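Topology and contacts: notes
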Amino acid sequence: MEIIELGRSIRARDPAKPGWGEVIFSYPGVHAVLWHRLAHGLYRIGLRGLARFVSHLSRMLTGIEIHPGARIGRRLFIDHGMGVVVGETATIGDDVTIYHGVTLGGLSLKAGKRHPDVLDGAIIGAGAQVLGPITVGIGAKVGANSVVVADVCDHTTVVGIPARSPKDCEEETSFGYGLPSRAAADPLGEEIAALRAELAALRARVDGLRGDRAA
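Nothing here was measured: the structure is a model prediction, and the numbers come from that model. (Residues numbered from 1 in each chain as written. Predicted model: local features only at pLDDT ≥ 70, side-chain atom pairs only at ≥ 80, totals over all residues. Heavy atoms only, no water.)

With that out of the way, let us pick up the packing of helix H3 (residues 28–44) against helix H4 (residues 48–62). Where H3 contacts H4, the axes come no closer than 8 Å and their chain directions differ by 175°. Accordingly, the angle class assigned to the pair H3 and H4 is roughly antiparallel. Residues Pro28, His31, Ala32, Trp35, Leu38, Ala39, Leu42 and Tyr43 of H3 pack against Arg48, Leu50, Ala51, Val54, Ser55, Leu57, Ser58, Leu61 and Thr62 of H4. (Axes fitted to C-alpha atoms, helices over the stretch in contact; angles between N-to-C directions. Helix = DSSP H or I, 4+ residues; strand = E, 2+ residues; numbered from the N terminus. Parallel < 35°, antiparallel > 145°, perpendicular 65-115°, else oblique. Contact = heavy atoms within 4.5 Å.)

Quick look at the structure:
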């Protein structure tokens, strides 16, 4: 049974080491996946209105919104889960871990493929936004609160807004959660530094104009 497989996987991956009772009765991520299996089955046979109702009911009970059209692999671990949103054309591989507040969303209003593919073993950190028809590679890690709008290569870590991949998609190891082994670029810090430099230049120009007028 899938619930047994899910429970065994979560007990192995969750550092809290929950008991079977906790996993089965108190993990909303487990409930959301099981509700989605029902909703997705209804969606595939054309009962889309009923599928959306089941999905809506699941969201009310778990705080996790998974469109019934999304395709989900085996042993998905949605940890905590509140605020997770998975779009209609998203696909999730096997052994993926998703934390709370994650969105697998779209950037286009056009029909067709518009949501991400998250491949086997990937980890999506809390609050991350993965947007558009992009691919998060096998074993990749997306840091917390990152915004990903481009492909993430296999076994790499991306962080920041927008999230950045290591140069040439070289394989890397990581220390801790979601942080690359070598110093990662800080896009937000770079933007702030650039704005400060521009502000200083403008102030110098204003001071110069004031000096010219005084003369």
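There's plenty left to go through after this.
Here the focus is the pattern of salt bridges. Under the definition given, this model contains 7 salt bridges. A salt bridge links Arg114 to Glu88, with the nearest nitrogen and oxygen atoms 2.7 Å apart. With Arg114 in the loop between strand E7 (103–105) and strand E8 (117–118) and Glu88 in the loop between strand E4 (85–86) and strand E5 (91–92), this pair connects stretches of sequence that are 26 residues apart. By relative accessible area, Glu88 is classed as partly exposed at 22%. Put simply, Glu5, Arg74, Arg75 and Asp95 are held in one network by salt bridges that share partners. (Salt bridge = Lys/Arg side-chain N within 4 Å of Asp/Glu carboxyl O. Buried < 20%, exposed > 50% of the residue type's maximum accessible area, 1.4 Å probe, protein only.)

The next point concerns helix H1 (residues 2–13). For H1, which comprises 12 residues, the first-to-last C-alpha distance of 16 Å matches the rise-based estimate of 16 Å (1.5 Å per residue) to within 8%. Three or more residues of H1 are buried, namely Ile3, Glu5, Leu6, Gly7, Ser9 and Ile10. Against the buried residues of H1 lie helix H2 (20–26), H3 and strand E3 (77–78). (Expected span 1.5 Å × (residues − 1).)

Before going further, it helps to examine H4. When the terminal C-alpha atoms of H4 are compared, their 21 Å separation across 15 residues agrees well with the 21 Å that a helix rising 1.5 Å per residue should span. Within H4, the full set of buried residues consists of Ala51, Val54, Ser55, Ser58 and Thr62. Seen end-on, H4 carries its buried residues on one side only, within an arc spanning 100°. Within H4, the exposed residues directed more than 90 degrees away from the buried face are Gly49, Phe53 and Met60. Of the surrounding secondary structure, the elements contacted by the buried residues of H4 are H3 and strand E1 (65–66). (Arc of directions from axis to C-beta.)

Turning next to the confidence of the model for the protein. Scored by pLDDT, the protein has a mean of 86; 85% of the residues are at 70 or more. Predicted confidence is poor over residues 171–184, with pLDDT under 50, and the contacts of this stretch with residues over four places away or in other chains come to 33 contacts. (pLDDT = per-residue confidence, 0-100.)

Here we take up unusual backbone geometry. Each neighbour pair has its own omega, and for Ile161 with Pro162 the value is -5°, a cis peptide bond. Within the element layout of this structure, Pro162 appears in the loop between strand E14 (157–158) and helix H5 (187–214). The backbone phi angle of Lys17 is positive, close to 50°, even though this residue is not glycine. Here Lys17 lies in the loop between H1 and H2. Given a relative accessible area of 54%, Lys17 falls into the exposed group. In the Ramachandran plot, His155 falls in the positive-phi region, its phi being about 60° despite a non-glycine side chain. Along the chain, the position of His155 falls in the loop between strand E13 (147–148) and E14.

A word on the sheet that holds E1. Whenever strands of a sheet pair, they do so through backbone hydrogen bonds, lying parallel or antiparallel. One open sheet holds the 5 strands; their spatial order is E1-E4-E7-E10-E13, and the pairing between them is parallel. Strands at the two margins of the open sheet, each flanked by one partner only, are E1 and E13. Across 2 bridges, strand E10 (residues 129–131) lies against E13 in parallel orientation. In the strand pairing of E13, Gln129 is matched with Val147. (Pairing = 2+ DSSP bridges.)

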